[in-house]
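Single-letter residue listing:
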Amino acid sequence: MRPTRRAVVLVGICALAIWLASRFGARSLNAVVVPALVVLGAGVVQLIFTDRPTIHRSHPAPGFPGETRTVEIEVETDDPLPARITDRVDSGLRTSFSDVTRGLPTSIDYEITLESRGEQRLGPLTLVVRDVLGLWTKTFEFPKRTPVLVYPETHDIPGTRIFGGSTRFSDDREQFDELREYVPGDSLRNVHWASSAKRDELVVMEFDAAIDVTGLAIAAGSTAGYADEMATAAASVATTLLDAGLAVSLSFPGGEIERDGGESQRERVLAALARTGHGRVDADADIRVFADADGTAITVDDREMPFEKLTGFAAESAVNRVRT
Amino acid sequence: MSTPAGSHNSETGWGGESWFGSGSRRVLALAATALLIASYLRVLTYVTDIAGGTSRLILFVAGSFLAATLLARFLPAIGALVLAAVLFAVGLWSYVQAVPNGTFLLQSLGAVRTDILSLLTGLSILRIMEAGVWAIGFAPAPTFLAWYFALRRRYVAASVVGGAALGFFVLTGDATTPTVLAGVVGAVGVIGFGELERHGGSVRQAETLVLILVAIVVISPFVSVVPDGASQPLVPSGSAGGPTTVEGSLLASSNHVKIQGSITLSSEVRFTVESTHQDYWRVASYDRYTGQGWVRTGEANPYSGSLSGPPGNTTAIDQTYTVRSRMSIMPAAWKPTELSGGPQKNAEVTALGGVQPGGELANGTTYSVESQRPNATPAELRSAGTAYPDRITSRYTQLPRSVPNRVKRLTNQITAKATNPYDKARIIERWLKNTNNYSLNVSRPEGSIADSFLFDMQAGYCTYYATTMATMLRTQGIPTRFVTGYTDGQRVSRNKWVVRGLNSHAWVEVYFPDIGWVRFDPTPAGPRRSVEQSRLENARSDNESNVDINGSAAGEWTPTPTPTPIDTTPTSNGSGDGNATTDAAAGIEGQLRRAVNPGNGGAANVPTTTGTSGAADSGSGGGGSGGSGLPSLSPLQWVFALVLVVGLVAVARRRGVFERLYRELWVRFQPSGSPTEETERAFSRLEYLLAREHRPRRSGETPNQYLQVIDADDRATRVGEIFERAHYAGDVNRADADEANRLVDQLVAEHTPILGRIRRSWGKSGPDSI
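Residues numbered from 1 in each chain as written. Chains lettered and ligands numbered in written order. Predicted model: local features only at pLDDT ≥ 70, side-chain atom pairs only at ≥ 80, totals over all residues. Heavy atoms only, no water.

Before going further, it helps to examine the overall build of chain A. Counting secondary structure elements, chain A contains seven helices and 18 strands. When the 324 residues of chain A are sorted by exposure, 52% land in the buried category. For chain A, contacts bridging at least 24 residues in sequence account for 64% of all contacts bridging at least 6. (Helix = DSSP H or I, 4+ residues; strand = E, 2+ residues; numbered from the N terminus. Buried < 20%, exposed > 50% of the residue type's maximum accessible area, 1.4 Å probe, protein only. Contact = heavy atoms within 4.5 Å.)

Each helix and strand counted, chain B has 26 helices and 18 strands in total. Expressed as a percentage of the 770 residues in chain B, the buried residues total 51%. The contacts of chain B with a sequence gap of at least 6 include a subset with a gap of at least 24, amounting to 78%. Split by element, the accessible area of chain B, about 33400 Å² in all, is 56% carbon and sulfur. (Areas by Shrake-Rupley, 256 points an atom, 1.4 Å probe, with all protein chains shown as cover.)

As a further point, take the sheet that holds strand β2 (residues 54-57) of chain A. Residue and element names in this part refer to chain A. Here we have four strands laid out as an open sheet, ordered β2-β3-β7-β5, and antiparallel in their pairing. On the outer flanks of this sheet lie β2 and β5 (93-95), each paired with one strand and no other. Between one strand axis and the next, the sheet turns through 30 degrees on average, direction left out of account. Where β5 lies against strand β7 (residues 106-114), three bridges are found, and the strand directions are antiparallel. Along β7, the bridge assignment pairs Thr95 with Ile112. (Pairing = 2+ DSSP bridges. Axes fitted to C-alpha atoms, helices over the stretch in contact; angles between N-to-C directions.)

All names here are of chain B. Running from N to C, helix α1 (residues 22-51) and helix α6 (residues 131-138) cross one another at 150 degrees; their axes reach a closest spacing of 8 Å. The chirality of how α1 crosses α6 is left-handed. Judged by residue contacts, Leu44, Val47, Thr48 and Ala51 of α1 engage Ala131, Gly132, Trp134, Ala135, Ile136 and Phe138 from α6. Class assignment for the residues of the contact of α1 with α6 results in eight nonpolar, two polar and no charged. (Left-handed = near helix turned anticlockwise from the far one by under 90°. Nonpolar A, V, L, I, M, F, W, Y, C, P; charged D, E, K, R; others polar.)

Moving on, we come to the side chain of Arg288 of chain B. Residues and elements named next belong to chain B. When you line up the elements, Arg288 lands in strand β4 (residues 288-289). For the buried Arg288, which has no salt bridge, the nearest side chain bearing the opposite charge is Glu130, at an N-O separation of 6.1 Å. Within the structure, the side chain of Arg288 is placed 2.5 Å from the backbone oxygen of Leu126, a separation counted as a polar contact. Side-chain polar atoms of Arg288 contact the backbone oxygen of Ile128, separated by 2.9 Å. (Lys, Arg positive; Asp, Glu negative; His and termini not counted. Salt bridge = Lys/Arg side-chain N within 4 Å of Asp/Glu carboxyl O. Polar contact = N/O pair within 3.5 Å; in protein donor to acceptor, adjacent residues only side chain to side chain.)

Glancing now at the packing of helix α22 (residues 675-693) of chain B against helix α24 (residues 714-729) of chain B. Residues and elements named next belong to chain B. Running from N to C, α22 and α24 point in directions that differ by 140 degrees, and their axes come no closer than 9 Å. In this view, α22 runs oblique relative to α24, as classed from their interaxial angle. Note on packing geometry: the crossing formed by α22 with α24 is left-handed. For the pair formed by α22 and α24, the contact residues are Thr676, Thr679, Glu680, Phe683 and Leu686 on the first element and Ala716, Val719, Gly720, Ile722, Phe723, Ala726 and His727 on the second. (Parallel < 35°, antiparallel > 145°, perpendicular 65-115°, else oblique.)

The partner chain A presents 43 residues to the 53 residues of chain B that form the contact. For the pairing of chain B and chain A, the buried interface totals around 3800 Å² over both sides, and the portion due to carbon and sulfur atoms is 63%. Of the charged contacts, one joins Arg130 of chain A and Glu195 of chain B as a salt bridge, the two residues approaching to 2.9 Å between their closest N and O atoms. For the pair chain B and chain A, the interface holds 13 residue pairs in polar contact (both at pLDDT 80 or more). Ranked by residues supplied to the side of chain B that touches chain A, first place goes to helix α9 (residues 177-199) of chain B with nine residues. (Buried area = accessible area lost by both parts, 1.4 Å probe.)

All names here are of chain A. As for its position among the elements, Val248 is in strand β14 (residues 248-252). For Val248, a relative accessible area of 1% puts it in the buried group. In the structure, Val248 is positioned 18 residues away from Arg266 in sequence and 9.1 Å away in space, judged by C-alpha atoms. Contact partners of Val248, with chain neighbours within four places excluded, come to Leu216, Ile218, Ala238, Leu241, Leu242, Glu258, Arg259, Asp260, Gln265 and Val269.

Before going further, it helps to examine the packing of aromatic side chains. All names here are of chain B. Applying the stated criterion across every chain yields a total of 33 aromatic pairs over all chains. Centroid distance Tyr321 to Tyr367: 5.0 Å. Interplanar angle 15 degrees. Geometry classified as stacked. Separated by 46 residues along the polypeptide, Tyr321 in strand β7 (residues 314-323) and Tyr367 in strand β11 (residues 366-374) bring together distant segments of the chain. Neither Tyr321 nor Tyr367 differs from the other in exposure class; each is buried. Put simply, the rings of Phe271, Trp281, Tyr321, Tyr367, Tyr486 and Trp497 pair up and form one aromatic cluster. The ring of Trp334 has Lys335 sitting right over it, with the charged end atom 5.7 Å from the ring centre. Sitting above the plane of the Trp334 ring, Arg481 keeps its charged end 4.9 Å from the centroid. (Phe/Tyr/Trp six-rings, centres within 6.5 Å; stacked < 30°, edge-to-face > 60°. Lys NZ or Arg CZ within 6 Å of the ring centre and 35° of its normal.)

For the rest of this paragraph, the subject is a nonpolar patch on the surface. On the surface, a cluster of nonpolar side chains totalling about 420 Å² of accessible area is made up of Leu37 of chain A together with Ile219, Phe222, Val223 and Val225 of chain B. Note on placement: Leu37 of chain A falls in helix α2 (residues 30-48). On the basis of relative accessible area, Leu37 of chain A is assigned to the partly exposed category, the value being 43%. (Patch = residues over 30% accessible without salt bridge, like charges linked within 9 Å, V, L, I, M, F, W, Y side chains within 5 Å.)

For the rest of this paragraph, the subject is the pairing of strand β15 (residues 490-493) of chain B. Residues and elements named next belong to chain B. Bridge count between β15 and strand β16 (residues 496-500): three bridges; the pairing is antiparallel. Within the sheet, the bridge partner assigned to Ser493 lies in β16 and is Lys496. Here β15 hands over to β16 after two residues, the two strands then running antiparallel side by side.

With that out of the way, let us pick up helix α17 (residues 462-475) of chain B. All names here are of chain B. Taking 1.5 Å as the rise per residue, α17 with 14 residues should run 20 Å; its terminal C-alpha atoms sit 20 Å apart, in good agreement. The buried fraction of α17 amounts to 14 of the 14 residues, a majority that puts the element mostly inside the structure. Phi turns positive, to about 75 degrees, at Gly477, one or two residues after α17. (Expected span 1.5 Å × (residues − 1).)

Residues and elements named next belong to chain B. The share of residues in chain B with pLDDT of 70 or more is 77%, and the mean pLDDT across the chain is 76. The weakest mean pLDDT in chain B belongs to helix α11 (residues 246-250) at 27; the strongest belongs to helix α7 (residues 140-151) at 95. The low-confidence segment residues 236-254 (pLDDT under 50) makes 60 contacts with residues lying over four places distant or belonging to another chain. Low confidence marks residues 760-770, where pLDDT is under 50. Its contacts with residues over four positions away, or in another chain, come to 21 contacts. (pLDDT = per-residue confidence, 0-100.)

Structure (structure tokens):
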């Protein structure tokens, strides 16, 4: 428990009043000193009986750089006192938070903007509880931190043809395997509207299962200091393929992800690439991504091309959009 | 980026929080600011009430509020500070202009500092000249600034500004304890409610604050932590060679008279005097009447050789005083013109023409005074006219606004036939002697002394008589002042008088153009003398020390002529009053001595006040309040009681008493409705009862399961059955509902704290737990 500046001033006034009273007569100084002592004492009592509040911080969903998230903090306590709330965030996040003083219990929310790839964290939170007149403070530290995953930046890659000659897969939608009846859960994207119109019921296209099974293996590596570039390139490639309905597997420095498709695979891949560091990967792969001082290169079937070329100007402008 | 968006407090307290929105918090914070401002304005209105200018003060304060309210919308803080500084400077300047040769005195920076220092160390505002103008100059700046800050939500700043203004009056000693407490509550409230308003605290936080405020009010009057030092402001005495100060010109060198309740006085010999004529040995005079006492304004200057005498014919009186116990006063017959002897070196002359010693006079000190007593005949006094100089009129006809009009009406009636100031004075003097009884046992009245003495009190002593006479004369526009000193004392030989503490006295002096100040004594001399005499005899029989000196024990020296040369009017009311005998003695000496010489605490003759200010409850002495059934409380006591009630309510609320009370009533009271409704209500009553006894029903637990788990008794189970039928099947009739109600009533009755115990012990069988 620490006195605030107000308390120090108040004690000073009391001391002055007592000195003046003893030197020049009491006058009504007692009516100044006694209330001052009452409020100082009341402040001490309030804080002595203050228990550690409990804090609940919401877990913001992972996201790409430039996205914003709302963080909610709930402070619960039985002691109705004001407190100054300070919540710090890692440098990879931009925050709208500025210290606030609120009467407890309370809940506050603030915005964060995801900025740098990686597992960023919210916290630690500091609660400086004070008595109702702000004379004493008691500080509670809440070191527990809440992680926020920031995916690597991804750039649009127009089309997937580039990755596989022509035979192994295609995103050509006409190359489907069969038509079947719609069942709940099918993506509307796959509805074959022309056939549906003829049949008076929804018909979906079933793509060639071989494509799913085949999928593509991606291996990503980099030299020191180029992990971000590597992650961006690998994530761009992987998401492009996944969005195209393909399955991918990923080998990255420090781990690998088995071949799979769909939304969950997308999250796994992005999460892995969000966290990964640099390193070389020797696994066999259909697509190799490698970043070093010379730039980021994509190698497909021994054909190497710079990542920038793959994304083209569209990607450039997309990056700009995200960054502003 | 914006600041955090939403905030909401969860509050489970009974009554919710809707009534306590941020609007009401702001209102409370502003109300506290207003209370703080009102506290020091109370002091200022007290000053202007006495010294004049109340209506202008109100106007200026209203203007400050208005300006702050308007400017708070757009004026930045720095602008407000500058504006307040300008207001303050203008106020001070107008004051300096109003004071004689004020501008000249402002040139000395050291003098200003000394001035402020004197005020801060306890010099009352009332003792500066033109105090009303000063108050009007002072008020706008802090009022404007405090209100401005409160409106701008800078509550701490508002509290600091208001607190500083109030603190100033605490230091000058003009703010009474209730006023200060009100201001302190305001200052704390501003900060507390301001925090609530700005940070959105809960109702419970507000309760904590209210409890603190109540604690302040309740504890402060009963706890004393501040030592009481010598109450003497750092007023530099205008001793020879000292620098001329602003203070010196504005302030009384010392002292005021506060009128007390019952008093007792010493029978010790103060001094002896050898004089060519018998007279009153005058000590001090006062010009400013506060309604509760007297204050002298203006400076005291070093005695510089000789003083001018009164303008008209005079009689010379040569006196030689021998001090018999330490004292810091210098008695002298009016009007002293020349001093000699040891004390003359340091002697001072007050602004009102009296003399006082520079320090304490030791036992055995002697000094001589030559005085010129105005010698005008009644005829000369009658024809003196009313061509008073302005400085006399403005200084000696001032009256507080608190003096009610009836004083003036009564005086008009009494003096209706008199055509000149002298006749008026004589009539009033005689009227007072005849109308009121002389007694030392009185309760000090709450309001204006003169008004109380005229209309409420049956008895009083010299200060009451003199104050009342001065007030009455002033209502007629006749310059009058209040004078303290000693009566002639015991005459031990033709030219020698022994003067004791009990001879101290108060009277008035009235100004007559071209003649000067003439003494009038409205106190009935007979009763006063008999009280003094009996006190003296008691002292002698009790062998008190220093009662007699050589020759004085032998009794009064009887000259051939009449022994009462001064009091021309016949004494009336010889009966006096019986209760003013044993420990009572005359005069105001203690005050006179204490005020002049704070150091001599050992003299042990400080008047004891029995009728304390706060306790006007029964009005015993005044006989004002009849025997009404209710205890009559003063407004202050009402406020105190109200604060106590608020505190109790806050405590009760905090402990959930109201919710329990409501529940207790609810569980007993059933409005009628359809059988289904009634059954459901009966069951929820039962649930409340059981929850208190065992545990609340968990959500998802059926009534039946619940009743089984807690092993409820048959009646409760039966109510549960009826409820389930009502709730799920909607299949209950009036008889079922009545049964459920009856059973729950029974259970409630059994669980009523005291009554229930009796009923249960009447052998109602069945399991004890429900």
